[in-house]
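# Working through the structure, step by step
Listed below are the residues making up each chain.
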Amino acid sequence: MKQITLKKRVLVWWECAAFLAAILLAALVLLIFVPGTWLWYLLLWVLGAVYVLTSFLYLPLLWMSIIYCVDDTCLMCHGGVLFPKTRVMHRERIAFITRVQGPVSSMLHIATLVVRAAGGTAVVHMVHEKQAEELEQELYGGIE
Amino acid sequence: MKEYAHAHPIDILLSVSRFLGLLIFPVLRAIYSLLFTTNLLIDWLRGAWFDLLIILLIIGLGFIRWQRRGYRLEESGIRWKRGIFFVQTQLIPYEKLSVVAKERLFYLMPLRAVYVSADTDGGDAHSSDFSMLLKKKEADPLVEKCRALRDQPQKIERVYLPKNRNIAILSLIASNSLGGVLFLSTLFSGAGKVLGRNIEREVFDQLTTVTGWLLQGIPPAAAMVGLLILGGWCMSFLVNLIRHLRFSAARRGNWLRIESGLISRRLYDITVSRINLVEMQQNVFTKALGLYSVFLHANGYGKKKDELSVLMPSCDREEFQNNLRLLLPEFSLCRATVKPRVRYLSRFLIPPAAWIGGVSLFWWIVWRLVPDLHSTLLFLWLMSEVPCVWYLIVKIVSFFHTGIGVKNGVYTLRYTFLYRFKTVIVPRERIVSIQVKRSCMQFISGCCDVVIDTFSEGKKRHVIPNIPLYEAQQILKCTDLPEPVLLRKEKRNRKKPSSAS
């Protein structure tokens, strides 16, 4: 069974995105609310706490939990922190695969595969371009 | 590596419609000039460069979209690339194609542009997995290649050509507002015949009083509404007729080619092994006349808006069986072996009886509360009972229609959906799941509802109600699917006496 995990650059990208979102929200709070009031403090503290939890706990755990496996019969996607989920898709049911790359993912050389099958869809998020290509080839090889 | 081929250049203009939302900025500028400036025209003209820039941007985005969209034919399938910011690349294998369609719209004919779409069992339920506007000379080889790689073509071709009369019947049945028009016609013009001229006059007087109180000149408006409904129906009928005239279905080897359309021609190549089911539909009238409309369910056929997945527009039973043998011998119709027992008849009659009772109760309460409008209420009560009584008739016929049969691994499911009688022929391999459901009352009477989900991009469900549980269990055993826990219990209970004896 072949296993694919996410590259470290994906975690870095998530962390950057979380940081930017936190900065943006903090700027909005600073602009909209009156400084020094209890609401102003509450919002900033909540925002800070959420950011710390997300950035230092949730995102690393999520990054570690995501694993994709492929064998002769099926494709398995596992991931999730609070509600871990495993999705098994039989290879014989796979109809076609779509590879999606946005501007940032092209820069980081990562791609997302959307595997469409009769009755459902499985998503292989943010794997390395080369791994995505290999996985695509392997899954198409199983199409009869 | 071969380069990607682009869509027909006219696609740039058609793509522009996606970005028309950007016109909001020139509109906002014009509103600003109108409200907040003194010299309207000069101020507006001064900023006209901005409007031109937006228009250029819209055209530019249309061009970029066209430039970034492309396809190429590879050994194993069609490689398709699209997207401006988020680039999507996909390979659709030829052997996974269920339908390849070619659409020649009349307004694109002078430009020699053809819509080509391809669909598999996966993907979105409302759009094609591959769809592009191509030059005719590029579209033909694409369709041919898709077909050639899926099958070894045979010389023998079996063709079905329906008569125009049959297509007209289908258009008549499929036109949406027919029921509504008939109902309204009865409501407004047939009242006199049903209840007498005095009551009719009184109804119209009352209606005129009420509507006159609400709005001035309502009777012409009502006439307008009536005319609109009638016009809508006529339009729907004409569209269906034009869409399906010159219909033909031809079977060659492993695929079925369906062509239709008087002005815009549509051509579908359907892989027979990927056809999910064949469905016959009837209403009470067509059932009484012994007519069927036959539809085909294959992912990608009849997917577009207002498109019907027709196989045979309308035919009688013998014609249907002959044509089905000709076109799709794999789908054989068989008699229902599992049918509802006479003691389950009440289960068919209770829902419509409850509707009749409920509607009567409602109008009786209104009658008591509004004593001045007795004759109007009587008429409205009678009219609202018509669909309920119709439902009762449908359910009585449904009792004789419902059932399941199986022959050579192909199931025939007969059931009613709303006011329509359906007969579905589905091969065992195209069944996704089978559920056996029982309510408390069904538990006592020993019957069950069988819910069958078949292959589909969305959800395709067939509910066969009130059939005997044990017989249903026996027929379901043929599917090789694990039996529900409840059935296993039932089976054990049935086995016990025999083992004891």
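In this report, we go over the structure that sits alongside the text. Numbers given for residues are sequential positions, taken from 1 along each chain in its written order. Chain A is the first chain written and ligand 1 is the first ligand written, with later ones labelled in order. Confidence filtering applies because this is a predicted model: local features only for residues at pLDDT of at least 70, side-chain atom pairs given and counted only at 80 or more, and all residues used for totals across whole chains, interfaces and linings. Water and hydrogen atoms were dropped before computing side-chain values, which therefore reflect all heavy atoms in the structure.

## Focus: a nonpolar patch on the surface
Residues and elements named next belong to chain B. The patches reported here contain residues having more than 30% relative accessible area and no salt bridge. Joining distances are 9 Å for like charges and 5 Å for nonpolar side chains (Val, Leu, Ile, Met, Phe, Trp, Tyr). In short, Shrake-Rupley with a 1.4 Å probe defines the accessible areas, and a residue's cover is counted only from the protein chains shown. A pairing counts as a salt bridge when a side-chain nitrogen of Lys or Arg comes within 4 Å of a carboxyl oxygen of Asp or Glu. On the surface, a nonpolar cluster with roughly 960 Å² of combined accessible area is contributed by Ile 24, Phe 25, Val 27, Leu 28, Ile 31, Tyr 32, Leu 34, Leu 35 and Phe 36. Runs of E in the DSSP output that reach at least two residues are strands. Runs of H or I that reach at least four are helices, and both are numbered from the N terminus. In this fold, Leu 34 is placed in helix 2 (residues 24–36). Working definition: with a 1.4 Å probe on protein chains only, accessible area under 20% of the residue-type maximum means buried, over 50% means exposed, and in between means partly exposed. Under the relative-accessibility criterion, Leu 34 is labelled exposed at 60%.

## Quick look at the interface of chain B and chain A
Contacts are assigned to residue pairs with any non-hydrogen atoms lying within 4.5 Å of each other. The interface is formed by 19 residues belonging to chain B together with 20 residues belonging to chain A. Taking both sides of the interface into account, the surface hidden between chain B and chain A amounts to around 1,500 Å²; carbon and sulfur atoms contribute 57%. Sorting the residues of chain B by area buried against chain A places B:Thr89, B:Leu91 and B:Lys96 first, and these three jointly supply 27% of that buried surface. Between A:Glu136 and B:Arg79 there is a salt bridge whose closest N-O contact spans 3.5 Å. Identification of polar contacts relies on pairs of N or O atoms within 3.5 Å, with a donor-acceptor requirement for protein atoms, meaning one able to donate a hydrogen and the other able to accept it, and with residues adjacent in sequence counted only if both atoms are side-chain atoms. One can count six residue pairs in polar contact (both at pLDDT 80 or more) joining chain B with chain A. For any pair of parts, buried area is found by adding up, for both, the accessible area (1.4 Å probe) each one loses once the two are put together.

## Some words on the packing of helix 13 (residues 345–369) of chain B against helix 14 (residues 374–401) of chain B
Each pair of packed helices gets described by two things: the angle between the helix axes and the distance between those axes. Residue and element names in this part refer to chain B. Lines fitted to the C-alpha atoms define the axes, with helices restricted to the stretch that makes contact. Angles between their N-to-C directions range from 0 to 180 degrees. Contact pair helix 13 / helix 14: the axes reach a minimum separation of 9 Å and the direction vectors enclose 175 degrees. In terms of orientation, helix 13 lies roughly antiparallel with respect to helix 14. Here the residues of the contact of helix 13 with helix 14 are counted per class, giving 21 nonpolar, four polar and two charged. Oblique is the label for any angle not under 35 degrees, not over 145, and not in the 65 to 115 range, which are roughly parallel, roughly antiparallel and roughly perpendicular in turn. Under the convention adopted here, Pro, Cys and the residues Ala, Val, Leu, Ile, Met, Phe, Trp and Tyr are nonpolar, Asp, Glu, Lys and Arg are charged, and Gly plus all remaining residues are polar.

## Some points on the sheet that holds strand 2 (residues 77–82) of chain B
Strand pairing requires that DSSP identify at least two bridges connecting the strands. The antiparallel open sheet is built from six strands, whose spatial order is 7(A)-6(A)-5(A)-3(B)-2(B)-1(B). Two strands bound the open sheet, and with one partner strand each, they are strand 7 (120–128) of chain A together with strand 1 (70–73) of chain B. Neighbour-to-neighbour, the strand axes of this sheet turn through a mean angle of 15 degrees, independent of strand direction. With seven bridges connecting them, strand 6 (residues 110–117) of chain A and strand 7 of chain A associate as antiparallel partners. For A:Val114, the partnering residue across the bridge sits in strand 7 of chain A and is A:Val123.

## Let's talk about empty space enclosed by the protein
Residues and elements named next belong to chain B. Cavities and pockets were defined on a 1 Å grid built from protein atoms only: a cavity is a group of points that admits a 1.4 Å probe but offers it no way out, a pocket is an open group of points flanked by protein on both sides within 12 Å along at least five of seven lines, and a lining residue is one with an atom within 4 Å of any such point. Grid points are joined across faces, edges and corners, and a volume is the space filled by probe spheres set on the points. A full pass over the atoms with the stated rule returns two cavities of 30 Å³ or more. By volume, the largest cavity amounts to about 110 Å³. Contributing to the lining of the largest cavity are 15 residues, with Ala 101, Ser 117, Tyr 268, Gly 300 and Lys 304 lying nearest its centre. Of all elements in the fold, only strand 4 (97–104), strand 5 (113–120) and strand 10 (265–271) reach the threshold of two or more residues within the lining of the largest cavity. Here the lining of the largest cavity takes four residues from strand 4, the largest share from any one element. Class assignment for the residues of the lining of the largest cavity results in five nonpolar, three polar and seven charged. Taken as a whole, the second largest cavity holds about 60 Å³ of empty space. Around the second largest cavity sit Arg 243, His 244, Phe 247, Ile 258, Ser 260, Arg 266, Tyr 268, Tyr 301, Glu 307, Leu 308 and Val 310, which together line it.

## Observations concerning the pattern of salt bridges
Residues and elements named next belong to chain B. Enumeration according to the criterion identifies 19 salt bridges over all chains in this entry. Salt-bridge contacts for Arg 72 lead to Glu 74; the nearest nitrogen and oxygen are separated by 2.9 Å. The partner of Lys 136 in a salt bridge is Asp 140, and the shortest N-O contact between them spans 3.4 Å. A residue pair is termed a helical-turn pair when its members lie 3 or 4 positions apart in one helix, as Lys 136 and Asp 140 do in helix 5 (residues 136–150) at four residues. Classification of Lys 136 as partly exposed rests on a relative accessible area of 29%.

## Overview of helix 14 of chain B
Residue and element names in this part refer to chain B. The length a helix should cover is 1.5 Å for every residue beyond the first. Over its 28 residues, helix 14 runs 40 Å from end to end, which matches the ideal 40 Å to within 8%, given 1.5 Å per residue. We define the bend at each residue as the angle formed by axes fitted to the 7 residues ending at it and the 7 residues starting at it. The axis of helix 14 is deflected most strongly, by about 30 degrees, at Val 386, and proline Pro 387 appears within four residues downstream. When helix 14 is considered as a whole, its buried residues turn out to be Ser 375, Thr 376, Leu 377, Phe 379, Met 383, Glu 385, Cys 388, Val 394, Lys 395, Ser 398, Phe 399 and His 401.

## Description of the sheet that holds strand 18 (residues 447–454) of chain B
Residues and elements named next belong to chain B. Strand order in the open sheet formed by three strands is 17-18-19, and the pairing between neighbours is antiparallel. Each edge of the open sheet carries a strand with a single partner, namely strand 17 (431–437) and strand 19 (460–468). Here the strands of the sheet are splayed against their neighbours by 20 degrees on average, with no regard to which way each runs. As paired strands, strand 17 and strand 18 are joined by six bridges and run antiparallel to one another.

## Some remarks on the side chain of B:Thr89
Considering the arrangement of structural elements, one finds B:Thr89 in strand 3 (residues 87–93). Apart from the residues lying within four places of it in its own chain, the contact partners of B:Thr89 are A:Ile97, A:Thr98, A:Arg99, B:Tyr4, B:Arg79, B:Trp80 and B:Lys81.

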